[in-house]
Amino acid sequence: MLNASFYIAWCSTKNRVRMRLRRLREPRYLIGAIAGIAYFYFAVFARAGRQGRRPGRGRSEDRGFDPGSAFQIAGTSLAGLFVLCAALLPWVLPTRSKLLEFSQAEREFLFTAPVSRRQLLLHRIVRSQVASIIASLFVGLFAAPIAGVGRLRLALGFWVLAVTINVYSCAVSLTRARFQSPVAAVRRVAWVPIGLLLACVAVVGSAIVRQLLQQPPASGADVFVQISRVTSAGLPSVVLWPFVAIVRPPFSGSVTTFFPALAGALVVLAVVATWMVTSDVTFDIVAGEGGDAQATEGRKAAVVPRATAIGWTLPLTGRAELALFWKGVMETLRAVNIKSWRVLPPILGVLIAVVGASFGIAGDQRMRGPSALLTALGGMVAGVATLLGPQMLRLDLRSDFLHLDLLKSWPLRAADVIRGEMAWPIAAVSGVAVSAILTAAAFSGAGLPNVPFAWRWSVAFAAVLAAPAMIAAQYTVHNAATILFPAWVQLGSQRARGIDAMGQRLILLAAVLVSLVLFALPGAIAAGVIWLILYRFAGAAVLVPMSVVFAAIVLTEVLAVTELLGPAYERIDVTSVERAE
Amino acid sequence: MSIAVQHFTRTYGTFTAVDDLSLQVTAGEIVGLIGPNGAGKTTTLRALAGILRPTSGTIAIGGHDIAADAIEAKRRLAFMPDEPHLFEYLTVDEHLRLTARLYAVPDFDARARALIDELELTGKERALPGELSRGMRQKVVIACGLVRDASVLLFDEPLTGLDPIGIRKMRATIVARGRAGAAILVSSHLLHLVEEICTRVVIMDRGKKVADGTVAELASRAEAAAGSNLEQIFLKVTGRE
């Protein structure tokens, strides 16, 4: 079976690389690859080269950053203590190891084959190596302060660490599942690793407590010094050895220390791997009899759409844009339910924390109290909605490209389809932005008492007019990119992989930003002219006509661009749209 | 001529999917489009529906060029693809209503009611696609195609996923639409279906049209034995005997 696992891993990797190399014959991938490689070169290698050439700093690993020394300074025993604490987490947190998740193909080929559960576990270890090796190589590549063979040692050490973590997590999942077994003997075995781990915690913990009680620390730093001292000797150091051993190789500063460290880490890995494969008795409980536990849980956790009545029946006559607007409303309101709102409290919590912290840092007495908080929060939400909303709410052509066949078979003008697809997300994001602006304005009297009334409300009205125009402009740019470069667009939740796909995304991001600036420029110039002419007469109120003109120009551009995009939409080749690998 | 294809060629890079295809379908005709996998059938249907643009050649629907006069051409046709792609959050009834709005269908309520009965979708009007089986979703796609009075109907594997009763009803539906005067092009691998309902058959292989005519004409041209069925003719014509 191991041969088959290596064969699958080898062929899949080889064919994926071959496919990615072959697609470089297409300009869209070649250009993306060049951009991606250039990014890598400037972000990693050129930076490392510059650091190496700095006066007083050598490229040699022993003259630059020495991870071995850093590891020694931080305290090997402290690192072991950290790993011991981390090792407790999989027992406490109810997560299932990735090694117990099988793909559809694995389920259909391997679960129907004469293969034991133990062999399936070994297969998953083999299959996971490609990702672990790639991740480790990236760690080695990005470790800019280290050069040459040091990068390789770091990558190798990190690889063994990653494999050990994966296998340990899987072994814990399987052992925890023993408690669900109806057989008492199977349940009893689960206590062995738990007992060992708790014994380790007890030995180390009691030694630390004793030390801190005998010699109370003089400062915060002294706590670490004393913990490091007590865990570096005697029984605690013996108990912590396996936990130290697995983190030692990545931090070995030289070849002479690396290989002994690697040998120690491999011993720990071997023990953990043996524990994992001998825990196969609970395989079916964790992975599911057909290896489909993850898929079943995913289905249960997924938000199930319901055909709730929205109270808006689509009239049978009218503009096409309104029909597509209606479609967007239906899709959004049905996709949103109580489960969807789970993300809101953490987002609001972070926002409030950021605003609160910024108040604390500013220390400005004028900006205190709930009104000030609401003013700042409103401003921040409006800013986020205006600048990031069009990237986050993708209910336009970017998501409907999945239905491109259907859209293109409709007897509609292309410009109508484009505008109709954008109409609802523009309205939704604008609604959020305008509400936030008005909230900020309503509380600005108490929140910003030193700012005159005329300025506060002029700014608010100007923002209420300008924000929807900017949101519409952004949606136009994003949809224009989708139409003009359909091959580079991320469809739904899929994400193309590879350095060429990364390069494509970088180019597209730059193009979107430049286009947005060009979109806003004429309106900004016109608004600037109005400022120069009217400010001396109108004062703060000049902001309102400025934003009226700005919004009018931007919205005119939106109309013009959507019309111009029509022929490009008609020419879209649906076969060029990227499909997931 | 309801469907007029003249020297249609479609390439993908260096690969030619359809090569110099010409065919006509008149009102009331039901033409079967058959061929082995990769013959170019779906590419042809997608080009007829205005989804793909011809690399060269022309396609006219009801006298309107699908590239130059796309909106008028699309108004006259209904394309029912083999893979039912529906909007995840619109109900069956809302899909029909949206289609009716986009195609300006008069008397929508009566038509929708009749279609829902005809395609056995009764009771599923307020269901979302995620709540339907594949066969049911296929029926919704077909209902959306039939809710308007299209003069050209394009079916790509219309029976995929349907149960035996559904297959029987769908056969009757296609024949009824043909008798009512629609020009129908049906792509299918189910040769007995094609033989049973189609008035004419077009066989494609490797992007080219290799035969066109009634089953009797094809049998005669292929020098097939007397009483040969379409499967035997197909194998002979495509050289896969």
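1. As for the overall build of chain A
Along its length, chain A carries 24 helices and zero strands. Each of the 581 residues in chain A was classed as buried or not, and the buried ones make up 34%. Expressed as a percentage of contacts within chain A between residues at least 6 apart in sequence, the contacts between residues at least 24 apart total 80%.

2. What about the sheet that holds strand S4 (residues 56–61) of chain B?
Residues and elements named next belong to chain B. Taken in spatial order, the four strands of this open sheet run S2-S1-S4-S5, and their pairing is antiparallel. Looking along the sheet, the strands with just one partner apiece sit at the ends: strand S2 (15–25) and strand S5 (64–65). Judged from the seven bridges that link them, strand S1 (residues 3–12) and S2 form a sheet pairing that is antiparallel. Among the inter-strand pairings, Val5 is bridged to a residue of S2, identified as Leu23.

3. Quick notes on helix H16 (residues 320–335) of chain A
Across its 16 residues, H16(A) extends 23 Å between first and last C-alpha, which sits within 8% of the 22 Å expected from 1.5 Å per residue. Here H16(A) has its buried residues at Glu321(A), Ala323(A), Leu324(A), Phe325(A), Trp326(A), Lys327(A), Gly328(A) and Met330(A). On its buried face, H16(A) is in contact with helix H21 (414–447) of chain A together with helix H3 (92–102) of chain B.

4. Things to note about the interface of chain B and chain A
The interface is formed by 31 residues belonging to chain B together with 25 residues belonging to chain A. Contributing elements (two or more residues each) for the side of chain B that touches chain A: helix H2 (70–75) and H3 of chain B. Take the side of chain B that touches chain A: its biggest share by element is six residues, from H3(B). Of the residues assigned to the side of chain B that touches chain A, the class counts are 19 nonpolar, four polar and eight charged.

5. Let's talk about the pairing of strand S10 (residues 208–213) of chain B
In this sheet, S10(B) lies alongside strand S9 (residues 200–205) of chain B in antiparallel orientation, the contact comprising five bridges. When the bridges of S10(B) are listed, Asp205(B) appears paired with Lys208(B).

6. Quick notes on the packing of helix H22 (residues 453–484) of chain A against helix H23 (residues 499–538) of chain A
Residues and elements named next belong to chain A. Direction vectors running N to C along H22 and H23 enclose 140°, while the axes themselves pass 10 Å from each other. By the angle between their axes, H22 is oblique relative to H23. Helix-helix and strand crossings are classified by hand; for H22 and H23 the assignment is right-handed. Counting all contacts with H22, which are made through Met470, Ala473, Gln474, Val477, His478 and Ala481, the residues of H23 involved are Leu508, Ala511, Val512, Ser515, Leu516, Phe519 and Ala520. A class-by-class count of the residues in the contact of H22 with H23 yields 10 nonpolar, three polar and no charged.

7. Brief notes about helix H6 (residues 117–127) of chain A
Residue and element names in this part refer to chain A. Of all the positions in H6, only Leu120, Leu121, His123 and Arg124 are classed as buried. Across the axial projection of H6, the buried residues extend over an arc of 160°, all falling on one side. For H6, the elements touching its buried residues are helix H1 (2–22), helix H5 (104–110), helix H13 (255–277) and helix H14 (283–287).

8. Thoughts on the nonpolar core
Counting 78 residues, the largest nonpolar core has Ala143(B), Leu154(B) and Ile184(B) as the members making the most contacts within it. The element that contributes the greatest number of residues to this core is helix H5 (residues 134–146) of chain B, accounting for seven residues. Each residue touching Ile184(B), except ones within four places of it in the same chain, is listed here: Glu29(B), Ile30(B), Val31(B), Leu153(B), Phe155(B), Ile174(B), Arg177(B) and Gly178(B). The next biggest cluster of nonpolar side chains, apart from the first, holds 71 residues, and it includes Ala382(A), Ala460(A), Val477(A) and Met546(A).

9. Describing the environment of Leu266(A)
All names here are of chain A. Locating Leu266 in the fold gives a position in helix H13. On the basis of neighbour count, Leu266 is assigned to the partly exposed category, with 16 C-beta atoms found within 10 Å. Counting along the chain gives 131 residues from Leu266 to Ala135, while the straight-line C-alpha distance between them is 19 Å.

10. Brief notes about the packing of helix H18 (residues 370–392) of chain A against H22(A)
The geometry of a pair of packed helices is captured by two quantities: the angle between their axes and the separation between those axes. Residues and elements named next belong to chain A. Contact geometry of H18 with H22 gives a least axis separation of 8 Å together with a crossing angle of 15°. Compared by their axis directions, H18 and H22 come out roughly parallel. Handedness of the H18/H22 crossing: right-handed. From H18, Ala382, Thr386, Gly389 and Pro390 reach across to H22, where they touch Ala463, Ala467, Met470, Ile471, Gln474, Tyr475 and His478.

11. Some words on the confidence of the model for chain B
Residue-level pLDDT values for chain B average 90, and 99% of them are 70 or greater. Across the whole predicted complex the pTM is 0.73, and at the interface the ipTM reaches 0.82.

So, how was this worked out
Residues numbered from 1 in each chain as written. Chains lettered and ligands numbered in written order. Predicted model: local features only at pLDDT ≥ 70, side-chain atom pairs only at ≥ 80, totals over all residues. Helix = DSSP H or I, 4+ residues; strand = E, 2+ residues; numbered from the N terminus. Buried ≥ 20, exposed ≤ 12 C-beta atoms within 10 Å, placed from the backbone. Contact = placed C-beta atoms within 7 Å. Pairing = 2+ DSSP bridges. Expected span 1.5 Å × (residues − 1). Nonpolar A, V, L, I, M, F, W, Y, C, P; charged D, E, K, R; others polar. Axes fitted to C-alpha atoms, helices over the stretch in contact; angles between N-to-C directions. Parallel < 35°, antiparallel > 145°, perpendicular 65-115°, else oblique. Left-handed = near helix turned anticlockwise from the far one by under 90°. Arc of directions from axis to C-beta. Core = buried A, V, L, I, M, F, W, Y, C linked by C-beta atoms within 7 Å. pLDDT = per-residue confidence, 0-100.

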